[in-house]
Amino acid sequence: MTTFWWIMLAVLLILTFLVVKLIKGAKKYNHIDWGSPFLNFIDGLSRYYCIRFHRLDYERFSLPAEGGAILISNHISGLDPLLLIAASNRPIRFMIATEEYNRFGLNWLFKGAGCIPVNRSGRADIAFRQARRALDQGEIVALFPHGRIHLDEEQPFRVKPGIKKLAELTRHSIFVCRIVGVRGQGSVFTALFLRSESKILQFPTINHHYFSHNESLHHLGEVLLGHRNPFSKDS
């Protein structure tokens, strides 16, 4: 056997080992049902990737065992949704921009995961009706209330009013968290390939009453960006 074929055999063995390892990891880490074996496999693979490669430090979200709830977080990279899913004990439906929902090669995944597309330049109320219906049906809906990838020092600090609208429409509890420790912040894809020491900080749950004061959107934005203690007396 020539040197070339020895090299090809070695490469094949390595690839086989990696595939088997990934399959075992996906089966080990998947423990929730997304409604299809394939999506369950993707879920397990994503959790395995976040916990082992990005060294995710977290405690499971204290989401209700059943019933609807809203989950919000800061948004610093394209890795964020995967980290939130890895910390959840239930499937999550994300509200995402229509242009992201229709991204080539990923639309099938977003659609399968039940993501809700938001038209930021048109009828966003359609997305809010879908989110309200999902919450009323007992699902978990997640969104990034700054709207886009937004680093801690970027202005404006305030979140967009959509979270207030959704809270007042549905009256569901809002679980608040902050993602830190991700490398490649500010990029959709770079953070996926740089190994991180990622961590999810969980804050006290709030509800629609939180938005009764005038500065609530600004205060919530500061909490998510790490500029304010979570829901202190002056917030």
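Refer to the structure printed above.
Given the structure is predicted, the values throughout are model-derived calculations rather than measurements. (Residues numbered from 1 in each chain as written. Predicted model: local features only at pLDDT ≥ 70, side-chain atom pairs only at ≥ 80, totals over all residues. Heavy atoms only, no water.)

## Digging into unusual backbone geometry
Note the following rule: Put simply, DSSP H or I for four residues or longer makes a helix, DSSP E for two residues or longer makes a strand, and each gets a number counted from the N terminus. Exposed residues in this analysis have more than 50% of their type's maximum accessible area, buried residues have under 20%, and partly exposed residues fall in between, with area computed by a 1.4 Å probe over protein chains only.
Across the junction of glutamine 155 and proline 156, the peptide omega takes the value -5°, indicating a cis bond. Positionally, proline 156 belongs in the loop between β4 (140-143) and α7 (162-170). One non-glycine residue, arginine 55, adopts positive backbone phi at about 50°. The residue arginine 55 is located in the loop between α2 (37-53) and β1 (69-73) in this model. One non-glycine residue, arginine 171, adopts positive backbone phi at about 60°. Take arginine 171: it is sitting in the loop between α7 and β5 (174-180). Residue classification places arginine 171 among the exposed positions, given a relative accessible area of 54%.

## Quick look at the packing of aromatic side chains
Rules: Aromatic pairs are defined between Phe, Tyr and Trp rings, using the six-membered ring for Trp, whenever the two ring centres lie within 6.5 Å; interplanar angles under 30 degrees are classed as stacked, those over 60 as edge-to-face, and all others as tilted.
Tallied over the entire structure, the rule returns 5 aromatic pairs. Pairing tyrosine 29 with tyrosine 48 gives two aromatic rings, centres 5.6 Å apart and planes at 45°, and the pair type is tilted. Of the two residues, tyrosine 29 is situated in helix α1 (residues 3-29) and tyrosine 48 in helix α2; the sequence distance between them amounts to 19 residues. Residues tyrosine 29 and tyrosine 48 agree in their burial class; the two are buried. Geometrically, the ring pair formed by tyrosine 210 and phenylalanine 211 is edge-to-face, given 5.3 Å between the ring centres and 90° between the ring planes. Here tyrosine 210 matches phenylalanine 211 in class, with each residue buried.

## A closer look at α1
Put simply, the rule reads: A helix is expected to reach a length of 1.5 Å times the quantity of its residues less one. The contact definition used throughout considers only heavy atoms, calling two residues in contact when any of these lie within 4.5 Å.
Spanning 27 residues, α1 covers 39 Å between terminal C-alpha atoms, matching the ideal 39 Å at 1.5 Å per step. Looking only at α1, the buried set comprises Gly25, Ala26 and Tyr29. Summarising the contacts, the buried residues of α1 are in contact with α2.

## Quick notes on the side chain of serine 77
For clarity, the threshold we go by: Under the rule applied, a polar contact is a pair of N or O atoms within 3.5 Å (in protein, one hydrogen donor and one hydrogen acceptor; residues adjacent in sequence only if both atoms are side-chain atoms).
In this structure, serine 77 sits in the loop between β1 and α3 (80-86). Looking at serine 77, its side chain comes within polar contact range of the main-chain nitrogen of leucine 79, at 3.1 Å. With near-sequence residues (within four places) excluded, serine 77 lies in contact with Ile149, Val182, Gly184, Ser187 and Ala191.

## Brief notes about the packing of helix α6 (residues 124-136) against α7
For clarity, the threshold we go by: Note on geometry: axes are C-alpha line fits, over the in-contact stretch for helices, and angles between N-to-C directions span 0 to 180 degrees. Angles are sorted into four bins: roughly parallel if under 35 degrees, roughly antiparallel if over 145, roughly perpendicular if 65 to 115, and oblique for all others. The crossing is said to be left-handed when, going from far helix to near helix, the turn is anticlockwise and less than a right angle, and right-handed when the turn is clockwise. When residues are grouped by polarity, Ala, Val, Leu, Ile, Met, Phe, Trp, Tyr, Cys and Pro land in nonpolar, Asp, Glu, Lys and Arg in charged, and all others, Gly among them, in polar.
It is the contact of α6 with α7, at a shortest axis distance of 10 Å, that shows an interaxial angle of 45°. Relative to α7, the element α6 is oriented oblique. In this structure, α6 meets α7 at a crossing whose hand is right-handed. Contact residues: α6 offers Asp125, Phe128, Ala131, Arg132 and Leu135, while α7 offers Gly162, Lys165, Leu166, Leu169 and Thr170. Partitioning the contact of α6 with α7 into residue classes produces 5 nonpolar, 2 polar and 3 charged.

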